[in-house]
Amino acid sequence: MEKLTLIIPCYNESEALPYFYEEVCRVGQELDRYELELLFVDDGSKDDTLSVIKGFAEKDERVKYLSFSRNFGKEGAMYAGFCNASGDLVAVMDADMQDPPSLLPQMLQLLEEGEYDSVATRRVNRKGEPKIRSFFARMFYKIMGRISDADIVDGARDFRLMKRKMVDAIVAMGETNRFSKGIFGWIGFKTYWLEYENVERVAGETKWSFWKLFKYSLEGITNFSDAPLKIASWSGIILTLVAAVALLIVFIRALCVGDSVAGWPSTICIILFIGGVQLFCLGIIGQYISKIFHETKKRPIYILSETNKKDAK
Ligand code: UDP
Ligand code: MG
């Protein structure tokens, strides 16, 4: 019998987890042709998420958990899940039911047909989400689509079912700066995109503030694209050319009509402008250097403090 592992990253999800568990058990009955493993990853929750999970584990031996020493972020939680999943098929899903477990049977069927290696999901709308958040999210995907070599789809969720070979490829990408949507796209494999209407979270609150999302989007851009570096170099080249032409004009003018003190303000403006652009470009380069800095330290992506899984990594 093939084994199906569900990876569920949880951060302060004690309110949503009972609904999730109930729904997964219900859906699990339809999937009795698979041996199920529910791998909950407690990402350093501050509420009683871990004891709720332990409660499930006591009654249900399909429930496994990994608990972190502190909050490492959803990316770390997903990576820990991938490293420890023992299934032939693996799916990642949120604990708040925004990734409906009821889609699983359909996803499995698509995979069983054999043509695809992975079934990914995409929400076709963003109903119930703040307008401003949707606007910026759309913009992010548009920009990413243009500048990145990883194929990133608008509205894509992390909710994905995949075969073992894809999981192994993800585990092999042990980079510290992680952006899973980019990683999934980058490793390739044949992916079927399943579309569904947005579902609002069943209980609890979102863990993503606008600022956190903004930083995450920058992470996405700098991890999967060199475009900002190119922008920096091109603006440098163009400004140098402009400055050379301007200098020539000033020089010729000084020869023909003599120098004048007039033009002081514009000079200052130009100096300030170029100074600004230089700092901006330096900042972009700094972003990439900081990535290298973190990457070279090779710190672990997560640290386990507790688990009920044998040989947990
Ligand atoms: N999550 C996590 N670590 C974090 C933040 C979130 O493991 O630091 C989990 C969270 O418990 C949930 C999933 O990631 O299962 C998605 O989080 P959330 O629902 O808050 O994000 P949203 O759906 O609002 O984008
Ligand atoms: Mg959610």
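Note that the structure is a prediction, hence the values are computed from the model and not measured. (Residues numbered from 1 in each chain as written. Chains lettered and ligands numbered in written order. Predicted model: local features only at pLDDT ≥ 70, side-chain atom pairs only at ≥ 80, totals over all residues. Heavy atoms only, no water.)

Quick question: what am I supposed to make of the coordination of the magnesium ion (ligand 2) here?
Metal coordination angles have textbook ideals: 109.5 degrees for a tetrahedral set of four donors and 90 or 180 degrees for an octahedral set of six. With distances of 1.9 Å, the protein atoms coordinating the magnesium ion (ligand 2) are Asp96 (OD) and Gln98 (OE1). Assessed through its relative accessible area of 16%, glutamine 98 is described here as buried. (Donors = N, O, S within 2.8 Å, 3.2 Å for Na, K, Ca; no water. Buried < 20%, exposed > 50% of the residue type's maximum accessible area, 1.4 Å probe, protein only.)

Explain the site of ligand 1 here, please?
Of all residues adjacent to ligand 1, which total 17 residues, the nearest are Glu13, Asp43, Gln98, Thr206 and Lys207. At 2.8 Å from an oxygen atom of ligand 1 is found a main-chain nitrogen or oxygen belonging to proline 9. Lysine 74 is positioned such that a nitrogen or oxygen atom in its backbone is 3.4 Å from a nitrogen atom of ligand 1. The residue inventory of the shell around ligand 1, partitioned by class, reads five nonpolar, four polar and eight charged. (Near = heavy atom within 4 Å. Polar contact = N/O pair within 3.5 Å; in protein donor to acceptor, adjacent residues only side chain to side chain. Nonpolar A, V, L, I, M, F, W, Y, C, P; charged D, E, K, R; others polar.)

Looking at this structure, how should I read the nonpolar core?
Inside soluble globular proteins, nonpolar side chains tend to come together where they are buried. Core analysis: the largest hydrophobic core is formed by 39 residues, its most contacted members being Leu4, Leu6, Ile8, Leu17, Leu38, Phe40 and Leu104. Discounting chain neighbours no more than four positions away, the residues touching leucine 6 are Val24, Leu36, Glu37, Leu38, Leu39, Ala91, Met93 and Leu104. Counting residues in each nonpolar core, the second largest holds 34 residues, with Val41, Val92, Ala150 and Met162 among its members. (Core = buried A, V, L, I, M, F, W, Y, C linked by side-chain atoms within 4.5 Å. Contact = heavy atoms within 4.5 Å.)

Sorry if this is basic, but what is going on with the pattern of salt bridges here?
A pair can form between side chains of opposite charge whenever their charged atoms are brought close. On inspection of all chains with the given rule, the structure shows 19 salt bridges. Here lysine 309 and glutamate 37 are joined by a salt bridge, their closest N and O atoms 2.6 Å apart. Linking lysine 309 in the segment after β8 (304-307) with glutamate 37 in strand β2 (residues 35-42), this pair joins segments that are 272 residues apart in sequence. Glutamate 37 matches lysine 309 in its accessibility class, with the two residues each being buried. Notably, a salt bridge pairs aspartate 94 with arginine 157, separated by 3.1 Å at the nearest N-O pair. Taken as a pair, aspartate 94 in the loop between β4 (89-92) and α4 (104-112) and arginine 157 in strand β6 (residues 156-163) lie far apart in primary sequence, 63 residues in all. On the accessibility criterion, arginine 157 (11% relative accessible area) is buried. Salt bridges sharing common partners tie together Lys74, Asp94, Asp99, Arg157 and Asp158. (Salt bridge = Lys/Arg side-chain N within 4 Å of Asp/Glu carboxyl O. Helix = DSSP H or I, 4+ residues; strand = E, 2+ residues; numbered from the N terminus.)

Please explain the pairing of strand β3 (residues 63-68) as it appears in this structure.
Within a regular beta strand, the side chains point alternately toward one face of the sheet and then the other, so they alternate between its two faces. Within β3, five of the six residues are buried, which leaves the element mostly enclosed by the surrounding structure. Pairing of β2 with β3 involves five bridges; the strand directions are parallel. Bridge pairing in β3 places leucine 38 opposite valine 63. Crossover connection from β2 via helix α2 (residues 49-59) to parallel β3: handedness right-handed. Looking at chain direction, β3 and β8 are connected through three bridges and run antiparallel. Bridge pairing in β8 links phenylalanine 68 to leucine 304. (Pairing = 2+ DSSP bridges. Right-handed = clockwise from strand over helix to strand, strands pointing away.)

Explain the packing of helix α6 (residues 164-172) against helix α7 (residues 180-187) here, please?
When two helices pack together, you describe them by how their axes are tilted relative to each other and by the distance separating the axes. Running from amino to carboxyl end, α6 crosses α7 at an angle of 120°, the nearest separation of the two axes being 10 Å. Comparing the axis directions of α6 and α7 gives the class oblique. Considering how the two elements wind past one another, α6 and α7 form a crossing that is right-handed. Between α6 and α7, the residues in contact are Met166, Ala169 and Ile170 and Ile183, Phe184 and Ile187, respectively. Grouping the constituent residues of the contact of α6 with α7 by class yields six nonpolar, no polar and no charged. (Axes fitted to C-alpha atoms, helices over the stretch in contact; angles between N-to-C directions. Parallel < 35°, antiparallel > 145°, perpendicular 65-115°, else oblique. Left-handed = near helix turned anticlockwise from the far one by under 90°.)

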